[in-house]
Amino acid sequence: MKKENSPRRVQSPELGENEGKTVELHGWVHDVRVLGKLTFLIMGDPYGYYQAVLKGELVEKVSNVPRQSYVVLRGKVVKSRSKINPYEVQVDSLEVVNEADKVLPLDPASKVESELMTRVNNRPLDLRNAEERKIFLMRADTLKVTREFLSQKKFIEVDTPKIIATASEGGAELFKVDYFGRPAYLAQSPQLYKEELVLALGRVFEIAHYFRAEKSNTVKHLNEFTSIDIESAMMLKQDVMGILEELIKHIYSSLKSMGYQLEAPNYSFPVYTYEEVCKSTGVKFGEDLTTDVLNEFGKDKGFYFIIEWPLSLKPFYTMPKGDKLSESFDLMYKGLELASGGQRIHRYDLLVERLKANNLDPESFSEHLKVYRWGMPIHSGWGLGFDRLMMVLSGRSNIREVVLYPRDSRHLAP
Ligand code: AMO
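Residues numbered from 1 in each chain as written. Predicted model: local features only at pLDDT ≥ 70, side-chain atom pairs only at ≥ 80, totals over all residues. Heavy atoms only, no water.

A.B. asks: Where do I start with the environment of Val177 in this structure?
C.D. replies: Mapped onto the secondary structure, Val177 falls in strand β9 (residues 176-179). A relative accessible area of 27% means that Val177 is categorised as partly exposed. C-alpha of Val177 to C-alpha of Val352: the two residues are 175 residues apart in sequence and 27 Å apart in space. Other than its neighbours up to four places away in sequence, Val177 contacts Ile163, Arg182, Pro183, Ala184, Tyr185 and Leu186. (Helix = DSSP H or I, 4+ residues; strand = E, 2+ residues; numbered from the N terminus. Buried < 20%, exposed > 50% of the residue type's maximum accessible area, 1.4 Å probe, protein only. Contact = heavy atoms within 4.5 Å.)

This is the structure we're talking about:
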């Protein structure tokens, strides 16, 4: 792409180190500002913005160029008087390589934010706004540090199937697919596979998309979402709660050291039992904790755990604690559930009993159940809703803001 004798091609963050030199810059026209005889082009590239100063016939040339067009310019880098941009480019030549439409579905340079669904429906254009782009850079960085953390804790990354024969989290929220004439489903979680794999691998984790056919349209549910799952042999509930708390703190400190502005939780995550939450909010034992109840309970809290949920509110694989309770937990942030997990049943007989108690047919789980006759170890794990974690890290209140192409019951495009 570099033409002979053309100046060095640089990106927006490299202007300072090229002061006094003639360089080539590629980018899109973010904004045009006319100040007397000078015209300032605010240019964008994937790494930020920069200012280009135009004079003479170049002013004429850009006057009709639509915003967001892709241009290549050459010029000298000089110190600028602008407080926002310490350096600017005095443009000698400018080439409009790819003109954008005159009327765009949204203006990424506008101070007024477009409607969320307009942004989602035109995501690449939305991402030309650096603030929106930052969320997805943070997403990628969070995944990177999560993988590093879990690998360092000796968890092995696995990939399990997303087309499955039996429900892992209960039947109602399954997407059915036609698998060569046989019914199959899209995975709601990696639950059964991750449990099976601890038998030999000990500690596993998976980061993947899962599918839930929930019709409800809320700010915290999607029909396709990303989950970070771990499962470990020879660990109890409190062990995996400890790993989860450590991971959250590790993510905060790593992101901060990368330059993200965050307020890290520098406290031990408090632990409340389900019964304590019931007492404080007036909920009857056995009832689920609704969004309203959780918002009320969590309004003056940060991260905290709710442990020992009634067995009847947790999936069949959850280890009972006495007759009515379970060795389970949810990680919360204010009123938002971020993760759930706990100790699992490792004995065949008890698992069959719990399947029946949940009106599930052990016969349809026979492929899974057989594993429990091969010396299944004591094991525990959790699933952390990654999109919800990104809501907390980015301070956004709608899950659609932190997912590139969100899928809900109303949107299947783009
Ligand atoms: P659960 O069903 O609680 O547990 O899901 C785990 C976490 O995933 C996130 N989540 C969702 N995020 C967005 N949209 C959805 N529709 C959605 N559904 C769930 C939440 C939730 O806390 N197998 C267990 C986990 C385990 O025990 O290891 C499970 O799937 O943040």
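A.B. asks: I tried to follow the site of the ligand on my own but got confused; where do I start?
C.D. replies: Lining the immediate environment of the ligand, one finds 23 residues, of which Glu169, Gln191, Glu214, Glu337 and Ser340 sit closest. Within the side chain of Arg212, one N or O atom sits 2.7 Å away from an oxygen atom of the ligand. At 2.5 Å from an oxygen atom of the ligand is found a side-chain nitrogen or oxygen belonging to Ser340. Taken together, the elements giving at least two residues each to the shell around the ligand come down to α5 (191-201), β12 (224-233), β18 (336-343) and β19 (379-385). Looking at side-chain class alone, the shell around the ligand contains 7 nonpolar, 7 polar and 9 charged residues. (Near = heavy atom within 4 Å. Polar contact = N/O pair within 3.5 Å; in protein donor to acceptor, adjacent residues only side chain to side chain. Nonpolar A, V, L, I, M, F, W, Y, C, P; charged D, E, K, R; others polar.)

A.B. asks: It is not clear to me how helix α6 (residues 237-257) should be interpreted in this structure. Could you clarify?
C.D. replies: One full turn of an α-helix is made of 3.6 residues, so residues set three or four places apart face in the same direction. A rise of 1.5 Å per residue sets the reference length of α6, with its 21 residues, at 30 Å; its end C-alpha atoms lie 30 Å apart and thus fit the reference within 8%. Every buried residue of α6 is accounted for by Lys237, Val240, Met241, Ile243, Leu244, Glu245, Leu247, Ile248, Ile251, Tyr252, Ser254 and Leu255. Directly after α6, the chain includes Gly259, whose backbone phi takes a positive value near 105°. (Expected span 1.5 Å × (residues − 1).)

A.B. asks: I would appreciate a short explanation of the sheet that holds β12 in the present structure.
C.D. replies: If you trace the 8 strands from one edge of the open sheet to the other, you get β7-β11-β12-β19-β18-β17-β14-β13, paired in mixed fashion. The open sheet has two free edges, formed respectively by β7 (156-157) and β13 (271-273), since each of these has just one partner strand. Helix α4 (residues 130-152) rests against β7, β11 (203-211) and β12 of the sheet, and its axis sits at about 150° to β11. Along the sheet face, helix α7 (residues 274-281) touches β13 and β14 (303-307) and points at about 75° away from the line of β13. (Pairing = 2+ DSSP bridges. Axes fitted to C-alpha atoms, helices over the stretch in contact; angles between N-to-C directions.)

A.B. asks: How should the sheet that holds β9 be read in this particular structure?
C.D. replies: Sheet strands line up and pair through hydrogen bonds in the backbone, either parallel or antiparallel. Ordered in space as β8-β10-β9, the 3 strands form an open sheet in which the pairing is antiparallel. Edge positions in the sheet fall to β8 (163-164) and β9, since each has one partner strand and no second. Taken together, the 2 bridges between β8 and strand β10 (residues 182-186) define a ladder with antiparallel strand orientation. Note on β10: the bridge partner recorded for Ile164 is Tyr185.

A.B. asks: Where do I start with the nonpolar core in this structure?
C.D. replies: Generally speaking, nonpolar side chains in soluble globular proteins are found buried as a group. Formed by 45 residues in total, the largest nonpolar core has its most connected members in Leu244, Ile248, Trp382 and Leu384. Residues Leu15, Leu41, Ala52 and Leu54 belong to the second largest nonpolar core, which totals 19 residues. (Core = buried A, V, L, I, M, F, W, Y, C linked by side-chain atoms within 4.5 Å.)

Spatial relationships are all this shows, so hold off on functional conclusions.
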